[in-house]
Amino acid sequence: MSYTTFDFSVADHVAQIVFNRPDKANAMILPFWQEMVDVFAEIEDRPEVRAVVISSTGKHFTGGLDLSAFAGIAGDMLQGDRGRVGEQFRRAVAEMQESFAVIDRCRVPVLAAIQGGCVGGGVDLISACDMRYCTADAWFCIQEINIGMTADVGTLQRLPHLMPSGLVRELAYSGRRMPAQEAFRAGLVNTVFDSQEAMLAAVLEIAQTIASKSPLAIHGTKEMLNYTRDHSVADALNYMQVWQAGMFLTRDLMEQMQANQEKRPAKFDDLLPAKKLVRRRR
């Protein structure tokens, strides 16, 4: 598929999503929300993909939601029956949430490389990624409070799992900017780089390292980490038992052991594509 709000490519088992509207601060216009769902559906359909890197172009990672694109929607909400309009808007919010939930559910790790401003919907997006890296000039802002609304696409649900609750609340209530070094100290980002070039080189190297591991083991690791985040320790341990009963004895395990003995890189088969009864329309 072709996309209008970002460029998409796959090389050496790593998929790259690169926001391509730097003149508009990579703001999230209406097509962006469906295109994110579509690109991750394509990633799920491409078994050669073992890691995903989301990056951007220009001065800022993203300015967040393009408010001008949603002006008409807001106007429509002021008309009609309040209950019906509310129910309709609830479904619209659910649709937007899905645009980042696909990142969280993606069966391979997703890495974000952030430069400059990461505003509003950008924080929602990176909160759904597995790992985050940024440049020294990066900053993060839960912008929604500054325009009189509650953040509604994932920030308030995922960020408390990544950072101390008190800091999340401060950022969400105040709408202040959090600079790169503070984000690093809080654990939001793994590493701060001096330049975007150095960041992208390092993040792609990390993605390549992930892609060199057993794809089944990587998928299982992400599945367990996400499940543990959302369940009790006892439930997560029980799920681990069931998972290992079905996934433990694989060719990947034997290949890795043999490769270690022979002091060579292991070679793994790709995961199988999803087996679907109904295919998506292209």
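These notes cover the structure that comes with them. Bear in mind the structure is a predicted one, so any value in this text is a computation, not a measurement. Counting from 1, residues in each chain are numbered in the order their sequence is written. Predicted model: local features are reported for residues with pLDDT of at least 70 only, side-chain atom pairs are reported and counted for 80 or more only, and whole-chain, interface and lining totals are derived from all residues. Hydrogens are left out, water is left out, and the side-chain values use all remaining heavy atoms of the structure.

1. Quick look at the sheet that holds strand S3 (residues 51-55)
(1) Moving on: Reading across from one edge, S1-S2-S3-S4-S6-S9 is the order of the 6 strands in this open sheet, with mixed pairing throughout. Looking at which strands have only one partner, the edges of the open sheet turn out to be strand S1 (6-11) and strand S9 (191-193). Adjacent strand axes in the sheet meet at a mean angle of 20°, parallel and antiparallel pairs treated alike.
(2) Moving on: If DSSP finds at least two bridges between two strands, the strands pair. By the criteria applied, helices consist of DSSP H or I runs no shorter than four residues and strands consist of E runs no shorter than two, each listed in order from the N terminus. With 3 bridges joining them, strand S6 (residues 131-135) and S9 adopt parallel strand pairing. Residue pairing across strands places Tyr 133 opposite Thr 191, the latter belonging to S9. Lines fitted to C-alpha atoms define the axes here, with helix axes fitted over just the stretch in contact, and angles between the N-to-C directions of these axes take values from 0 to 180 degrees.

2. Points about the packing of aromatic side chains
(1) Moving on: Aromatic contacts are taken between Phe, Tyr and Trp rings whose centres are within 6.5 Å, Trp giving its six-membered ring; a plane angle under 30 degrees counts as stacked, one over 60 as edge-to-face, and the others as tilted. Within this structure, the stated rule accounts for 9 aromatic pairs.
(2) Moving on: Judged by centre distance (6.1 Å) and plane angle (80°), the rings of Tyr 3 and Phe 8 are edge-to-face. You'll find Tyr 3 and Phe 8 in the same group, each marked buried.
(3) Moving on: Chaining the aromatic ring pairs together yields one cluster made of Phe 19, Phe 32, Trp 33, Phe 61 and Phe 100. Type-normalised accessible area, obtained with a 1.4 Å probe on protein chains alone, sets the label of each residue: buried when under 20%, exposed when over 50%, and partly exposed for intermediate values.

3. Quick word on the environment of Val 53
(1) Moving on: Topologically, Val 53 is positioned in strand S3.
(2) Moving on: Look at Val 53 and you get buried, because its relative accessible area is 1%.
(3) Moving on: Note: C-alpha distance between Val 53 and Pro 109 (56 residues apart in sequence) is 8.6 Å.
(4) Moving on: Note on contacts: a residue pair qualifies if any of its non-hydrogen atoms lie within 4.5 Å across the two residues. Those residues within four positions of Val 53 in sequence are excluded, and the remaining contacts are Val 14, Ala 15, Gln 16, Ile 17, Leu 111, Val 203, Leu 204 and Ala 207.

4. Thoughts on the pairing of S6
(1) Moving on: With respect to burial, S6 is a largely interior element, 5 of its 5 residues being buried.
(2) Moving on: On S6, burial covers both faces: Met 131, Tyr 133 and Thr 135 on one face and Arg 132 and Cys 134 on the other are all buried.
(3) Moving on: Across 4 bridges, the pairing between strand S4 (residues 110-114) and S6 is parallel. Counted as the bridge partner of Ala 113 is Tyr 133 from S6.

5. Some details on the pattern of salt bridges
(1) Moving on: Between Lys or Arg on one side and Asp or Glu on the other, a salt bridge is scored when a side-chain nitrogen of the former is within 4 Å of a carboxyl oxygen of the latter. On inspection of all chains with the given rule, the structure shows 16 salt bridges.
(2) Moving on: In this structure, Arg 107 engages Glu 44 in a salt bridge whose closest nitrogen and oxygen atoms are separated by 3.7 Å. Residue Arg 107 is found in the loop between helix H3 (82-105) and S4, and its partner Glu 44 is found in helix H1 (residues 30-45); the two are separated by 63 residues along the sequence.
(3) Moving on: Overall, Glu 44 belongs to the partly exposed group, its relative accessible area being 23%.

6. Considering empty space enclosed by the protein
(1) Moving on: Lining residues are defined by having an atom within 4 Å of a point belonging to a cavity or pocket. Those points lie on a 1 Å grid over the protein atoms alone, cavities being sets where a 1.4 Å probe fits but cannot get out and pockets being open sets with protein on both sides within 12 Å along at least five of seven lines. Grid points are joined across faces, edges and corners, and a volume is the space filled by probe spheres set on the points. The full count for this structure, using the stated rule, is 4 cavities of 30 Å³ or more.
(2) Moving on: Asp, Glu, Lys and Arg are counted as charged, while Ala, Val, Leu, Ile, Met, Phe, Trp, Tyr, Cys and Pro are counted as nonpolar; the rest, among them Gly, fall into the polar class. A breakdown of the residues in the lining of the largest cavity according to their chemical character gives 6 nonpolar, no polar and 3 charged.

7. Details of the packing of H1 against H3
(1) Moving on: In contact at an axis separation of 8 Å, H1 and H3 are set at 30° when each is read in the N-to-C sense. Taken as axis vectors, H1 and H3 run roughly parallel relative to one another. Handedness of the H1/H3 crossing: left-handed. Between H1 and H3, the residues in contact are Phe 32, Trp 33, Gln 34, Met 36, Val 37, Phe 40 and Glu 44 and Glu 95, Met 96, Glu 98, Ser 99, Phe 100, Val 102, Ile 103 and Arg 105, respectively.
(2) Moving on: Of the residues belonging to the contact of H1 with H3, the class tally is 9 nonpolar, 2 polar and 4 charged. Roughly parallel covers angles under 35 degrees, roughly antiparallel covers those over 145, roughly perpendicular covers 65 to 115, and oblique covers all other angles. Each helix crossing is assigned a hand: it is left-handed if the near helix lies turned anticlockwise from the far helix by less than a right angle, otherwise right-handed if that turn is clockwise.

8. Some thoughts on the pairing of S4
(1) Moving on: With 5 of 5 residues buried, S4 lies mostly within the body of the structure.
(2) Moving on: Of the two faces of S4, both are covered, the one formed by Val 110, Ala 112 and Ile 114 as well as the one formed by Leu 111 and Ala 113.
(3) Moving on: Bridge count between S3 and S4: 3 bridges; the pairing is parallel. Within S4, the residue paired with Val 53 across the bridge is Leu 111.

9. Let's talk about helix H11 (residues 251-262)
(1) Moving on: Expected span of a helix: the number of residues minus one, times 1.5 Å. Between its first and last C-alpha, H11 extends 16 Å over 12 residues, near the 16 Å set by a 1.5 Å rise per residue.
(2) Moving on: All of the buried residues in H11 are Asp 252, Glu 255 and Ala 259. Taken end-on, H11 shows its buried residues confined to a sector of 65°, consistent with a single buried face.
(3) Moving on: Structurally, H11 contributes buried residues whose contacts are with helix H9 (215-230).
(4) Moving on: Here H11 starts with a cap whose side-chain oxygen sits 3.2 Å from the backbone nitrogen of Asp 252, and that cap is Thr 250. The arc in question is the one spanned by the directions pointing from the helix axis to the C-beta atoms. Nitrogen and oxygen atoms within 3.5 Å of one another constitute a polar contact, given that in protein one can donate a hydrogen and the other can accept it, and given that sequence-neighbouring residues count only through two side-chain atoms.

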